[in-house]
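Listed here are the chains, written in short residue letters.
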Amino acid sequence: MTQVSPLSQQSHHPRLEPRPLDEAVYLRAQSEGLSELQARLLASRLPGYTGELAPLVSPSLRYLVHPEKLADGRRAAERVAQAVAEGESIGILTDYDVDGITSHVVIRRTLVELFGVPEHKLHSLIGHRIHDGYGISLPLVDRTLSLKPLPTLVISADCGSSDEPRIARLKAAGIDVVVSDHHALPLEGPPPSAYACVNPTRSDCAYPDKTIAGCMVAWLLMSLARSVLVEWGALPEATPKLSPWLSYVALGTVADCVSLGGSPANRAVVSHGLTLINRMDAACWRAMAARLGADSVPFNAETLAFQMGPRINARSRLDDPYAALHFMLAESDGVANRQLEVLDQDNQSRKAIEADMAEEARALAAPALEANEPAVVVLLEDGHPGVQGIVASRLVQAYGRPAVVLTRAAAPNMLTGSGRSIEGLHLRDALQRTFELAPEALPRFGGHSGAAGVGVPWEQLDTFKTAFLQAVSEQLGDTPLYPRLWTDGELSTAQLSLATLEEIETLGPYGREFDPPLFEGRFIVEALRPVGAEGSHLMMELSMGAVTRKAIWFRALTPGELPSFGVGDTLHCAYKLNRNRWRGRESLQLMVEHASPV
């Protein structure tokens, strides 16, 4: 076996850079009683933040703004309430990812369990990522129009804002469409054929938080519908509120990578939702805890992001998304365990497909990197369309620039693609500019600042790429592009303790735009050994002064590699603090994200 350094297969090593710190937030946080470390973490995650710190530091549902503030919220809620009161047939149409699935669960459980709608009056409409495509697609419209009896109301969640032509078809058939969504609206505004469009990103919407996930919009809409039904006397005042469903909203919010930074709403629902999840009242949470092992409880935001989210998403990436819905709705542990087994197998398949596609994508990206283009656009002709987004994320991590990964679409002569962005580039805005430069090359696109989807005619690929690169250049200007790891500085030997981890955890939840703390420091290697099925992970003991801590570096090596350092060498590490639970005992473990010999 040859001795090569970790990450040697990548074109660029990440640079460790200290997070810029907002001095005003730093001083304010300390004056409000936070420790120096906590103040440092806040000040580097909230640049320019002038609002109150309390709603972010101590998340609470009392900071949620009333759904009446949502444009069209009252109109939409009254239409849902009317359908419930008059016994109408209702379609629930949602996206196939975690945000869409959790939205579906919130709407369905509310209608059935709180509003008393019989199951036979409801139709679950979830598109197939590959056969149907995103949103209120033509195949989903056809499926809706073939239902018997025909629904008179369709409630969308996590989609619909850009689907005017399909909504018009449903309206022409006598179906009212209530859109609930959080994706950016087209320039022409909300779809005019929709009965109502509840979307906090609307320019005329007074709801103060534009970053909430689709599942949160659905939760607010259904909460308002409950209030309307109580007002009308159609439900008793004692009807339970929807707060138990915030467990699903927490999962959807974390998995959809919406901001957990300056958003009191997102921080509140994730914090409260995790408390609900850790009661293990629902079969889906118990099944996942059993799968991950007793030491996995209590769940935190990273459990949702890296364990639950990928399993639910894997199903819709590769196959029919309904198994994910059945898993979330399972009423018994047996059903939940069986459905989770299906999701788990899909996730293993997804990982294998992803590895092959990522390797091909890195090879195809080489010319763009040599030309120092501001973004990477690659076509994987035989790639799986369900895994594009993950591969795009891998390219962003490796090269520090936005990436779009395209594969063949189900429609002839079309390509479908997913994009992922970097800090400082609003991807949806870049695609809007691409459309202005070359409308024929981008007939369909949607998304938000960090992620987006596109449809590109095959013969227009070069035109799309040229226009997209220009759009990205216009936004980024002369910003240097390279992979970065933002760190929170160094810890002293005394801070390498569980007490420091507890200090950090009290500022949670962590997620997008409120990243888990990453520290850097120099350690001496006291012991190391490759672990894992292919020896790709490194288990180490690292010392700083008189303190020695166990550490693990996942995916440090490719199969067959040996590390380029040994016992006694000094490593410059980027690492997180982690609570290692083993048979009821807890100890501090370092999770190494990157390391290089000094």
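Since this is a predicted model, take the numbers as computed values, not measurements. (Residues numbered from 1 in each chain as written. Predicted model: local features only at pLDDT ≥ 70, side-chain atom pairs only at ≥ 80, totals over all residues. Heavy atoms only, no water.)

Student: Whenever I open this one, the confidence of the model for the protein chain confuses me. Can you help?
Tutor: Detailed reading of the predicted coordinates is not advisable wherever pLDDT is low. Averaged over every residue, the pLDDT of the protein chain is 93; residues scoring 70 or more account for 98%. Within the model, pLDDT remains below 50 along residues 1–11, and this stretch shows 30 contacts once partners closer than five positions in the same chain are excluded. (pLDDT = per-residue confidence, 0-100. Contact = heavy atoms within 4.5 Å.)

Student: Would you explain helix 5 (residues 98–114) in this entry?
Tutor: Owing to its 3.6 residues per turn, the α-helix brings residues three or four apart onto one side. Between its terminal C-alpha atoms helix 5 stretches 23 Å, which fits the 24 Å expected from 17 residues at 1.5 Å a residue. Near the N-terminus of helix 5, the side chain that reaches the backbone nitrogen of Asp 99, with its oxygen 3.2 Å away, is that of Asp 97. One or two positions beyond helix 5, positive phi appears at Gly 116, with a value near 75°. (Helix = DSSP H or I, 4+ residues; strand = E, 2+ residues; numbered from the N terminus. Expected span 1.5 Å × (residues − 1). Polar contact = N/O pair within 3.5 Å; in protein donor to acceptor, adjacent residues only side chain to side chain.)

Student: Would you explain the pattern of salt bridges in this entry?
Tutor: For side chains bearing opposite charge, pairing can occur when the charged atoms are close. Scanning all chains against the criterion turns up 34 salt bridges. Between Glu 113 and Arg 109 there is a salt bridge, with the nearest N and O atoms lying 2.7 Å from each other. Residue Glu 113 and its partner Arg 109 are located together in helix 5, separated by four residues, close to a single helical turn. A relative accessible area of 45% places Glu 113 in the partly exposed class. Among the ionic pairs, Arg 169 bridges to Asp 142, the shortest N-O distance being 3.0 Å. Taken together, the positions of Arg 169 in helix 7 (residues 164–172) and Asp 142 in helix 6 (residues 138–145) put the pair 27 residues apart, joining distant regions of the chain. Residue class for Arg 169 comes out partly exposed when judged on its relative accessible area of 36%. The network of salt bridges with common partners includes Glu 502, Glu 505, Arg 579, Arg 581 and Glu 586. (Salt bridge = Lys/Arg side-chain N within 4 Å of Asp/Glu carboxyl O. Buried < 20%, exposed > 50% of the residue type's maximum accessible area, 1.4 Å probe, protein only.)

Student: Can you help me understand the environment of Gly 233 in this one?
Tutor: With respect to the element layout, Gly 233 can be found in the loop between helix 8 (214–231) and helix 9 (246–255). Under the relative-accessibility criterion, Gly 233 is labelled exposed at 59%. With 148 residues separating them in the primary sequence, Gly 233 and Ala 85 have C-alpha atoms 10.0 Å apart.

Student: I would appreciate a short explanation of the packing of helix 13 (residues 322–329) against helix 14 (residues 333–370) in the present structure.
Tutor: Two quantities define a packed helix pair, namely the angle between the axes and the distance from one axis to the other. Put simply, helix 13 and helix 14 touch, their axes get as near as 9 Å, and they point 145° apart. Handedness of the crossing formed by helix 13 with helix 14: left-handed. Taking contact as the criterion, the partners of Ala 323, Ala 324, His 326 and Phe 327 in helix 13 are, on helix 14, Ala 336, Gln 339, Leu 340, Val 342 and Leu 343. Across the contact of helix 13 with helix 14, the residue classes tally to seven nonpolar, two polar and no charged. (Axes fitted to C-alpha atoms, helices over the stretch in contact; angles between N-to-C directions. Left-handed = near helix turned anticlockwise from the far one by under 90°. Nonpolar A, V, L, I, M, F, W, Y, C, P; charged D, E, K, R; others polar.)

Student: Quick question: what am I supposed to make of the pairing of strand 7 (residues 376–379) here?
Tutor: Burial along strand 7 is two-sided: Val 376 and Val 378 and Val 377 and Leu 379, pointing in opposite directions, are all buried. Between strand 7 and its parallel partner strand 8 (residues 403–408), the chain crosses via helix 15 (residues 388–399), and the hand of that crossover is right-handed. (Right-handed = clockwise from strand over helix to strand, strands pointing away.)

Student: Before we go on, may I ask you to explain the sheet that holds strand 8 in this structure?
Tutor: Backbone hydrogen bonds are what pair the strands of a sheet, in a parallel or an antiparallel way. Read from one edge to the other, the open sheet built from five strands follows the order 7-8-9-11-10, with strand pairing classed as mixed. Looking at the sheet topology across the chains shown, the edges are occupied by strand 7 and strand 10 (444–447). Sheet twist, expressed as the average angle between the axes of neighbouring strands with direction ignored, equals 15°. (Pairing = 2+ DSSP bridges.)

Student: Would you take a moment to explain the environment of Thr 466 for this structure?
Tutor: Following the sequence through the fold, Thr 466 ends up in helix 17 (residues 461–476). Overall, Thr 466 belongs to the exposed group, its relative accessible area being 53%. A C-alpha to C-alpha distance of 8.8 Å links Thr 466 and Thr 434, two positions 32 residues apart in sequence.

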